[in-house]
Amino acid sequence: MSDDILRIGYSPSYIPQSFDYTSRDYYAIREHLIEVVKSRIPEWNGEDPADFGLALVEAFAYLGDLMSYYIDRAGNEAFLPTATRRQSVLNIARTLGYVPTRPIPATGTATFTTEVTYTGADISVPKGTVINASIKRENGYVDTVQFTTDAAITVADEGASTTVAITEGYIADSVSTSNHGVVVGISDGSPDQEFELPLSPVAHGSLEVYVSDGVTWTLWNEVGHLIEYTALDNVYETRLMADGSVVLVFGDGVTGRIPPTTQTISAKFRVGGGLRGNLPAGTIVNIEDSGLDVNLSVTNQTSTTGGTDEESTFSIRENAATGFRANRRAVNKDDIETLARGVEGCYAASANATVWSNVSLAIAPNYDSSLSPGLDGTVGTDVITGNPTTTFNDIKAAVKAAVEPLMMMGSSLTVRNPEYAKVQIGITVQLVDTASQAFATADIKRILLDGPLSFERRGFGGSLTAADIYHAIFSNTGYITGGTVDDLFRKDTVYTSGVYPTDAAWYEVLVLDTDNDLTIDFGGTGISDL
């Protein structure tokens, strides 16, 4: 190695006068550093891979590339439109005062039946009895989905049956707190105390927090923003973490009361919620309570519905920004819709008014894997309506309570159910010779439901065009060589074939039943394995 490389004490003329700050990746930094060294040591060419000087240059280039990456990531994660990590989006949303929706548990009914040969006393099934279904998922994993009974029942002998309402998940509770939940911590009297709940996910609307002096358990109230309360208010905030866990945040003695020193803090809540709880009929067949009579069996004669996952990162990013712009006022259409979407459990909202003093607001909950989220879907064939679920009724009431007080004096708000309009789609596609028709069918269904007909992106009053379908299919597959959209129309129209406008009204959401309303013709191409 040349001694020139080890020389020090260069004159100021050797110091570069400018630096290319666009050289941020490994190769660009490496080339720039080599040019700098050559300008100082002309006889050094930087081409010998065994040269220790070149090794140093490459080490510094690697370090520069790494630092550039972290600088970019840190900058991106500081802003809502560019943040990619869920925790970053949650932190920014919290700064803007937005409270994301926690998972909502599925609900349904279960029927307990005694054996025909059993003769004896009525069998009591207490409230909170845990039953479950063992569901085999696509990857072969067997998922145990638990439900609890919502009321106590009795079942007579000789094959009698009794049906009871059930909710997915189980209640986190303990006899050590006199059934006031599980202990999450002891207050040390300091401001801004935080306690992470020991179990997750925490279902929407199920959390109760108590503070005890050893004798009396006092219920504290969950609020959206501690800053709106005083030192005398028994309130707390919740912070949703990226892993689905929930952290309790108490006041500082100015905004929200501090739990007194040495007092026990407990939380009672339902553990569960999400799409995994939406199960078909006949799957819930196991009773976990070993104390119940062996002559008793259980099943769900109808499917369980209404379960939704926690709010997606995409939804939080959209709703947090629009919620902040509304600034807690309900003056125009956008304000009302934004405030409604800020209510936990409300995903989409669409407002309409013929006169300024009477506003109608259609809302929809988070996606629950059904064709009619929030509704039982019992009314309508081509446009699905029906009765709202209990959970959706609670969300509607919460939206009305949150929005109406912020509207102009003398105006009123009516919160209505959504309507789900079915569309008919028929396509012809040509596959490459090695493509499986069965795989293509399943993949096209997934692409349409995740793309142009996804619940998150469609919303109220949307429209669907043939171009949307072309773009979704051809930009997401590599096995389709051509195709046409043959049919596209609303099913409640007079059309039986052809491509027609598929606009939705302000209170409607377009949906696709891929099992019945989607036809795919491969024209004899690909491998026929259907």
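In what follows, the structure referred to is the one given above.
About the cut-offs
- Residues numbered from 1 in each chain as written.
- Predicted model: local features only at pLDDT ≥ 70, side-chain atom pairs only at ≥ 80, totals over all residues.
- Heavy atoms only, no water.
- Helix = DSSP H or I, 4+ residues; strand = E, 2+ residues; numbered from the N terminus.
- Rg over C-alpha atoms; globule rule 2.2 N^0.38 Å.
- Areas by Shrake-Rupley, 256 points an atom, 1.4 Å probe, with all protein chains shown as cover.
- Lys, Arg positive; Asp, Glu negative; His and termini not counted.
- Charge placed at Lys NZ, Arg CZ, Asp CG, Glu CD.
- Polar contact = N/O pair within 3.5 Å; in protein donor to acceptor, adjacent residues only side chain to side chain.
- Contact = heavy atoms within 4.5 Å.
- Axes fitted to C-alpha atoms, helices over the stretch in contact; angles between N-to-C directions.
- Parallel < 35°, antiparallel > 145°, perpendicular 65-115°, else oblique.
- Left-handed = near helix turned anticlockwise from the far one by under 90°.
- Buried < 20%, exposed > 50% of the residue type's maximum accessible area, 1.4 Å probe, protein only.
- Pairing = 2+ DSSP bridges.
- 1 Å grid on protein atoms, 1.4 Å probe; cavity = no way out; pocket = protein on both sides within 12 Å on 5 of 7 lines; lining within 4 Å.
- Points joined across faces, edges and corners; volume = space filled by probe spheres on them.
- Nonpolar A, V, L, I, M, F, W, Y, C, P; charged D, E, K, R; others polar.
- Salt bridge = Lys/Arg side-chain N within 4 Å of Asp/Glu carboxyl O.

*Asks:* For the overall build of the protein chain, give the residues involved together with the corresponding values.
*Replies:* Counting its secondary structure elements, the protein chain contains 9 helices and 25 strands. In summary, the protein chain has a C-alpha radius of gyration of 30 Å against a globular reference of 24 Å for 530 residues, an excess of more than 25%. As displayed, the protein chain offers around 26300 Å² of accessible surface, 53% of which is attributable to carbon and sulfur atoms. Of the side-chain charges in the protein chain, 34 are positive and 67 negative, and the distance between the mean point of each set is 5 Å.

*Asks:* Could you give me a rundown of the side chain of Thr-238, with the residues and numbers involved?
*Replies:* Relative to the elements of secondary structure, Thr-238 occurs in strand 12 (residues 235-240). Polar side-chain contacts of Thr-238 include one of 3.3 Å to the side chain of Arg-102. In this structure the side chain of Thr-238 is engaged in a polar contact, spanning 2.9 Å, whose partner is the side chain of Glu-222. Filtering out sequence-adjacent residues up to four positions away, Thr-238 remains in contact with Arg-102, Leu-207, Glu-222, Val-246, Val-247 and Leu-248.

*Asks:* Please provide a residue-by-residue account of the packing of helix 3 (residues 86-95) against helix 4 (residues 313-326), values included.
*Replies:* Where helix 3 contacts helix 4, the two axes come as close as 10 Å, and the packing angle between them is 25 degrees. Overall, the two elements helix 3 and helix 4 adopt an arrangement that is roughly parallel. As helix 3 packs across helix 4, the resulting crossing turns out to be left-handed. Contacts between helix 3 and helix 4 involve Arg-86, Val-89, Leu-90 and Ala-93 from the former and Thr-313, Ile-316, Arg-317 and Ala-320 from the latter.

*Asks:* Before we move on, can you summarise the pairing of strand 18 (residues 358-365) with the specific residues and values?
*Replies:* Most of strand 18 is tucked away: 6 of the 8 residues are buried. Both strand 17 (residues 346-355) and strand 18 contribute to a ladder of 7 bridges, which runs antiparallel. Note on strand 18: the bridge partner recorded for Ser-350 is Ala-362. Between the antiparallel neighbours strand 17 and strand 18 lie 2 residues. Bridge count between strand 18 and strand 20 (residues 412-416): 5 bridges; the pairing is parallel. Looking at the pairing, Val-359 lines up with Leu-413 of strand 20.

*Asks:* Describe the layout of surface pockets, naming the residues involved and giving the relevant values.
*Replies:* Within this model, the second largest pocket holds a volume of roughly 710 Å³. Forming the walls of the second largest pocket are 30 residues, and the residues nearest its centre are Tyr-367, Leu-449, Ser-454, Phe-455 and Glu-456. For the lining of the second largest pocket, the secondary-structure elements that each account for two or more residues are helix 7 (437-450), helix 8 (455-458) and strand 24 (508-511). The residue makeup of the lining of the second largest pocket, split by class, is 11 nonpolar, 8 polar and 11 charged.

*Asks:* Break down the pattern of salt bridges for me, citing the residues and quoting the values.
*Replies:* Under the definition given, this model contains 23 salt bridges. A salt bridge links Lys-400 to Glu-404; the shortest N-O distance between them is 3.4 Å. Overall, Lys-400 belongs to the partly exposed group, its relative accessible area being 31%. It is possible to trace a salt-bridge network through shared partners that takes in Arg-137, Asp-143, Glu-168 and Arg-276.

*Asks:* For the sheet that holds strand 1 (residues 107-114), give the residues involved together with the corresponding values.
*Replies:* Strand-to-strand pairing in sheets goes through backbone hydrogen bonds, with the strands running parallel or antiparallel. Taken together, the 6 strands give an open sheet; going across it, the order is 15-3-4-6-1-16, and neighbouring strands pair in antiparallel fashion. The open sheet has two free edges, formed respectively by strand 15 (286-287) and strand 16 (296-299), since each of these has just one partner strand. Bridging between strand 1 and strand 16 involves 4 bridges; their strand directions are antiparallel. The partner of Phe-112 across the bridge, within strand 16, is Val-298.

*Asks:* Please give an account of the environment of Gln-193 that cites residues and values.
*Replies:* Tracing the chain through its elements places Gln-193 in the loop between strand 8 (182-186) and strand 9 (194-196). Taking the C-alpha atoms as reference points, Gln-193 and Phe-250, separated by 57 residues in sequence, lie 5.4 Å from one another. Not counting the four nearest positions on each side in its chain, Gln-193 is found in contact with Ile-186, Ser-187, Asp-188, Leu-248, Val-249, Phe-250, Ile-258 and Pro-259. Engagement of the side chain of Gln-193 in a polar contact is seen with the side chain of Ser-187, the distance being 3.0 Å.

*Asks:* Got a sec to walk through unusual backbone geometry? Specific residues and values, please.
*Replies:* In the segment running from Ser-200 into Pro-201, the intervening peptide bond is cis, with an omega of 0 degrees. Relative to the elements of secondary structure, Pro-201 occurs in the loop between strand 9 and strand 10 (208-212). With phi around 55 degrees, Glu-158 is a residue other than glycine that occupies positive phi space. Looking at where Glu-158 falls in the secondary structure, it is placed in the loop between strand 5 (153-155) and strand 6 (161-168). Residue Thr-262 is not a glycine yet carries a positive backbone phi of 70 degrees. With relative accessibility at 61%, the residue Thr-262 sits in the exposed group.

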